[in-house]
Each structure stands twice: as structure tokens, then as C-alpha cells.
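# Architecture at a glance
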There are 2 protein chains.
Amino acid sequence: MIAVLTGGTGGAKFLQGVVRAVPPRQVTAIVNTGDDVVWWGLNISPDIDSVMYGLAGLLSRERGWGLEGDTFACLEHMRELGEPSWFQLGDRDLATHVRRTGMLRSGKTLTAVTAELAASFGVSSRLLPMTDDRVETRVLTARGELSFQEYFVREKWKVPVRKVRFAGAETARPTFEVLRAIASAEVIVIAPSNPITSIGPILAVPGIREALRSSPAQKVAVSPIISGKAFSGPADQLMVAHGFPATVAGVAAIYREFLSTLVIDHADAASVSEIEALGLRAVCASTLMNSEDAKRDLAAVCLAAGRSHTRAATNL
Amino acid sequence: MIAVLTGGTGGAKFLQGVVRAVPPRQVTAIVNTGDDVVWWGLNISPDIDSVMYGLAGLLSRERGWGLEGDTFACLEHMRELGEPSWFQLGDRDLATHVRRTGMLRSGKTLTAVTAELAASFGVSSRLLPMTDDRVETRVLTARGELSFQEYFVREKWKVPVRKVRFAGAETARPTFEVLRAIASAEVIVIAPSNPITSIGPILAVPGIREALRSSPAQKVAVSPIISGKAFSGPADQLMVAHGFPATVAGVAAIYREFLSTLVIDHADAASVSEIEALGLRAVCASTLMNSEDAKRDLAAVCLAAGRSHTRAATNL
């Protein structure tokens, strides 16, 4: 079984490649829920939905979130009625949030609800929220503390960030399912997601770092930083705010405590020795994920790296 | 001030005429909430919405419920995902239910929520739910007890009815706003709504019958029965199930305790004496509401009848 820690749009794209590299049933995604938000009274789990829609082949290619070809009549009406509408929900997408909210209200855990939703979309990989407890990513900015969605969607990550914290993380518990997936995985892959706001919340759940350290699996991360810049989103800014350089070595430093191998882009081949100096293996690959084949190939590199941990640094 | 007791699609159409006969600000609608339902986890108040959309000029003419020109992408997706979809909600309509649900969850009363929603639709008449408490219309049928929506929408009122009851009515309280509207109205009109399932729940709220009896206003009802048949819906069947003939005299008998005048269709002119024998005045009019002018004219007849209570039975 392959476990993938994931969040954000990069993680959703990466998982599309993983299920083309191995049978989908062998894949478990452990998904960030720090971005979850109650909006219009509905429980929204943006990262779970992106992974779910991505694996179902329904994720909007143009937007990178929501359902391909969705309409926005409800949202437009909300806007006409003077409601805040910066957080966009499509009409078909609404069905997911309405169903999730109803199931959560009936007393089911987010883990159980996610399994039901994923099954209804025909997704045969396992999707696990990082926790069933509430952990909220809070972004301390020059303009006060914002929720992640306020920072990312409303402010379009233009406001300078001082620090990110995960409210509720101290008392959150990892689920049995997440701990088991980590303990029993053959390879654990950290998707090319934002290390601070996508993977950070997962690692902030007490017990998950320990589980990663003690798991016998090889742990392979893909750097979301290419040539000193985030491929998309504010990962570079947030890494710097947290005292890490916005480089592949910075990514290595964040994960080094439990990581075996960091997959970096060919563009960063010169940094291999720097990563090796941190005690990690470095593998160079094409990390841009600009086609379905590229996604699959990147996933295959990660899995090969995880399975052949005795091999030296490879230039694939 | 004119108070109108209303429910169902007939009531919504009637109110469209009332606000063309008198300034909208002088109109208060006291609306049935016995049909309210929690669907997809959302608080739906179908009768309030029909009145609200009707007064805003947004009610679908074709369907008689929901918003004109609405789309159903969310509903279609729900259906694809295997969710029950017999109760139909449009995409733009969803905005209303999402907003209502959020406001109710924040602790506001249905009265306050309805006022906010109506204001956002530019409705200047007052819309009052009959109570802020939960009263649920339950329909005992040959196939067990159903909610009103199950009976009316899912079963298309084809299943024989034994009795209708209003669960929760015993402990419900009328709101201050409803009691004040009844006490201070110049004329109180009972819309041509189903007497059992649209007006019945309002009258079942303890204190409302007494308030109607003691109000100095003239009380004028419009018969929803024409020539022994309901113009639309199951009013005739339900009246019979409750021991009333499905005639204008049956309508008079249901309301006689507090009614001054019953407006009946010209087609029932022969029944005037039967109504007068019950101690009520009868006024004949065109009650079909098959045009905007017809709606306004019917409302004008009701208001004239309420204001000229000394006049004898008139054939307008």
C-alpha cells in the first residue's frame, strides 16, 4: 500500500499520477483539513474535495478546484442578494458540501463521511482526513490573523505573512486509520504540496510525526519548490516566513526528521549535494506535472525511489 | 393594515393581487410553516418562499414554486450521486435555503430570518411565519403517516388520506408579531389556500383562533373550492376526510367560528343562501386568478367586502 500525504491543488494533481502508476486500490491519501471552512453554513473540505474530484476525473482543469463544467447560479444569486461571494462554490459542487454537512450533522466522523462521498464518486483509493478533530490553519499577517481561505482566496495571498499556526492541533488526535496507513505503507510519499500550509497541518497533529519516524516505509517527498520559487501558490513566501530558505534544501530541512528521499526538479540538480549533506537522498526528475503522462512519470519516480532505497541518487 | 392568512401556491398568487390592490407596505402575510422541511440539511419553508418570490415578482409562473428561470444542476448531481431527489430545489433557490439555515443556526428566530430574507428580495410587505416553533403537518394515509411534502410532492397526493394532524401544535406559541397583526388589522383575509393543510396549521397554533375571534377586523375568506372541486391540489379530498363537504358551504363551515364573509366564485352563486344560513355573508366574484388583473380584482373584492361590512351580499 502507498500512503500519500497531500493538500492543495498540487497534491490533487500528483495523486492523479499515482493512480496511473499503481492500482488505485493500493493508494491511501492522507489529506490536509486545516483549510476546512464552514461557508454558507456548509462544511467545506477543499483539499479532500480536490483529491476526490481529481481521482474521479472530475476536477476542473481550468480552475484546479471544483468540478469540470460546473455552473455558478447559486453563487451569482448569493452575490445579487448581497452575501459575501469571494469563496466560490459551483452548483454541482454544492451537492458534495450539502451531503457532507448532512452526514456530519447526523453524527458521522469526517473519516466515515469522506469514505461515503468518495465511494459515491467511484473513487477506489482510500481518502483519509488527517484527523476527525478540528484543526484550523490560521495565518498571521500584517493585517491581522486570517483563516487560510481568507488569506488564500479572498486576499489572493498578496498580504505579507508573519507566521502560520494550527489552532486546535494541540488537542487533535490522529485517527486509527491514518496511523495504520502510515505504519503499514510500503512507501510514504509527501506530495508536492505547500510544506507549511498543506503538509504542515498534517504534521501538526500529535502522533503523526512520530508515526512517520517509526514507520518502516521509505518516505519520499517531492519538492514544490523549483529554482527557488513555488510552482504555484505562496509556498516560497511561507517557507521564508518560517525561517527556511525557499529552496529544495529548505524543503529537505522541513522534512529531514523523517524523510528518506527528496525528489527535486532537474532544474535543481546542482542542489543534490546540499540535500545529501542533510543526510537525505536526492532524486532528480521532471516535477512540472504539465500532462497526464508527466504526472504518472513523477509518481513512478517517487515509488521507484521508495522501493529501491539502497540505490544511490539517481538522475532519471 | 391588511392581514392575509396564507399558504400554498394559491395563497402566493392571491397575495400578488393584494399588493396591486393596496400599497405593499400595508400588507402583512401570516404564512403557514406546517410544510416546512429539513432537506439536504437545509431549512426549507416552501410557503414563505412562494409568498416571498411571488411578491418579489420572481416566482416561476410555469411551476408555481421556486424562482423563474432557475436551473437544477445541484439537484441533477444529487440524483446522479444516488441521493433522493423528489423534492426539487433550484440552484438559485438554494441560496435562500442556505441563507435561512445559516441565520437560524446563528440563533435568529424564523420571524427575524424571514424579515431579512424578504428585505433582501426587496419585498416591502411584511411576511410573518405563523409561529417560531416547530409545527409539522402530518398526513395519515392508507400507507402510513407521511410528512406533508412526502404526501404532496413525493406521492403527488394520490394516496387516500384518513386524517391530517399538526405535530407540535399543542406546545407552539403564536409570535407577538402575528398576534399584533391580527389585532390591529383593518381587514383580515383568508387566502384561497387549502383550508386543511395551508390554513389549518395556522389555526392550530394556540391563541390564533382566539385572536381572530376577538379582533375587531372584518374577516373575509376566499373559497378555494369552485363547483365542488379544488381549483388545484387536494383541498376537496382533505375536506371530505375531515368531515366537511367539498363545497363552498364546507369552506364556510370550517371558518364560520370567526369569519364575516366568504367570497365564492360566480359558479357557486346558487350556494349564497346556504352560506347565509350559517350566519355568514357571501360575495360572488371571479376567483380563478388566471391573470394579473384577475388576481388584483379578486383582492379588491375581498378588501371592499371587508371594509363595507354593512352591505348585503353582493354580486360583483
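On to the confidence of the model for chain A, then. Residue and element names in this part refer to chain A. Looking at chain A, the pLDDT average stands at 95 and 97% of residues meet or exceed 70. Note that residues 310-316 has pLDDT below 50 and, in this model, 16 contacts with residues that lie over four places away or in other chains. Here the predicted complex carries an ipTM of 0.81, next to a pTM of 0.86.

Right, let's get into the environment of leucine 117 of chain B. All names here are of chain B. Structurally, the position occupied by leucine 117 is in helix H5 (residues 110-120). Classification of leucine 117 as buried rests on a relative accessible area of 0%. C-alpha separation for the pair leucine 117 and leucine 127, spaced ten residues apart in sequence, amounts to 9.6 Å. Ignoring anything within four residues of it in the chain, the contact list for leucine 117 reads Met52, Thr96, Arg99, Arg100 and Met103.

For the rest of this paragraph, the subject is the side chain of threonine 287 of chain B. Its location among the elements puts threonine 287 of chain B in the loop between strand E14 (281-285) and helix H13 (292-307). Dropping the residues within four chain positions of it, threonine 287 of chain B is found in contact with Val222, Ile226, Val263, Ile264, Asp265 and Leu298 of chain B.

Membership of the largest hydrophobic core comes to 112 residues, with the highest contact counts inside it found for Phe14 of chain A together with Phe14 of chain B. Leaving out residues up to four positions away in the same chain, phenylalanine 14 of chain B has contacts with Val4, Val189, Ala191, Pro192, Val222, Met289, Leu298, Ala299 and Cys302 of chain B.

Our focus in this paragraph is the packing of helix H1 (residues 8-21) of chain B against H13 of chain B. Residue and element names in this part refer to chain B. For the pair H1 and H13, interaxial distance at closest approach is 7 Å and the crossing angle is 75 degrees. In this view, H1 runs roughly perpendicular relative to H13, as classed from their interaxial angle. The segment H1 lies against H13, with Lys13, Phe14, Gln16, Gly17, Val18, Arg20 and Ala21 engaging Glu292, Asp293, Lys295, Arg296, Leu298, Ala299, Ala300, Cys302 and Leu303.

Once that is clear, we can look at the sheet that holds strand E13 (residues 261-265) of chain B. Residue and element names in this part refer to chain B. Taken together, the seven strands give an open sheet; going across it, the order is E5-E2-E1-E9-E10-E13-E14, and neighbouring strands pair in parallel fashion. Two strands lie at the open edges of the sheet, namely strand E5 (126-129) and E14, each paired on one side alone. The sheet shows a mean angle of 20 degrees between the axes of neighbouring strands, taken without regard to direction. Of the strand pairs in this sheet, strand E2 (residues 27-31) and E5 are connected by four bridges, and their pairing is parallel. Along E5, the bridge assignment pairs alanine 29 with leucine 127. Lying on the sheet, helix H2 (residues 46-56) is in contact with strand E1 (2-6), E2 and E5; it crosses E5 at an angle near 175 degrees.

Of the two same-sequence chains, chain B is brought onto chain A (RMSD 0.0 Å, axial shift 0.0 Å) by a rotation of 180 degrees. In symmetry terms, the pair is related by a two-fold rotation axis. By C-alpha distance to the rotation axis, the residue of chain B lying nearest is aspartate 91 of chain B, at 3.1 Å. Both copies contact each other with a shared surface, as 100% of the interface residues of chain B are interface residues in chain A too.

Rules and cut-offs
- What you see as residue numbers is a count from 1 along each chain, following the sequence as written.
- All chains are assigned letters beginning at A, and all ligands numbers beginning at 1, according to the order in which they are written.
- Two thresholds apply to this predicted model, a pLDDT of at least 70 for residue-level local features and 80 or more for giving and counting side-chain atom pairs, whereas whole-chain, interface and lining totals are computed over all residues.
- To get the side-chain values, take all heavy atoms of the structure and skip hydrogens and water.
- Residue-level confidence of the predictor is summarised by pLDDT, bounded by 0 at the bottom and 100 at the top.
- Contacts are assigned to residue pairs with any non-hydrogen atoms lying within 4.5 Å of each other.
- Helix and strand definitions follow DSSP, with helices as H or I runs of at least four residues and strands as E runs of at least two, each counted in order from the N terminus.
- Note on exposure labels: buried denotes an accessible area under 20% of the residue type's maximum, exposed denotes more than 50%, and partly exposed covers the range between, all computed with a 1.4 Å probe on protein chains only.
- Residues belong to a common nonpolar core when they are buried Ala, Val, Leu, Ile, Met, Phe, Trp, Tyr or Cys residues joined through side-chain atoms within 4.5 Å.
- Axis geometry follows a simple rule: fit a line to the C-alpha atoms, using only the stretch in contact for helices, then measure angles between N-to-C directions, giving values from 0 to 180 degrees.
- Should an angle lie under 35 degrees it is considered roughly parallel, over 145 roughly antiparallel, and from 65 to 115 roughly perpendicular; all remaining angles are considered oblique.
- Two strands qualify as a pair provided that DSSP identifies no fewer than 2 bridges between them.
- For the least-squares superposition of copies, only C-alpha atoms count, and only for residues with pLDDT at least 70 in both.

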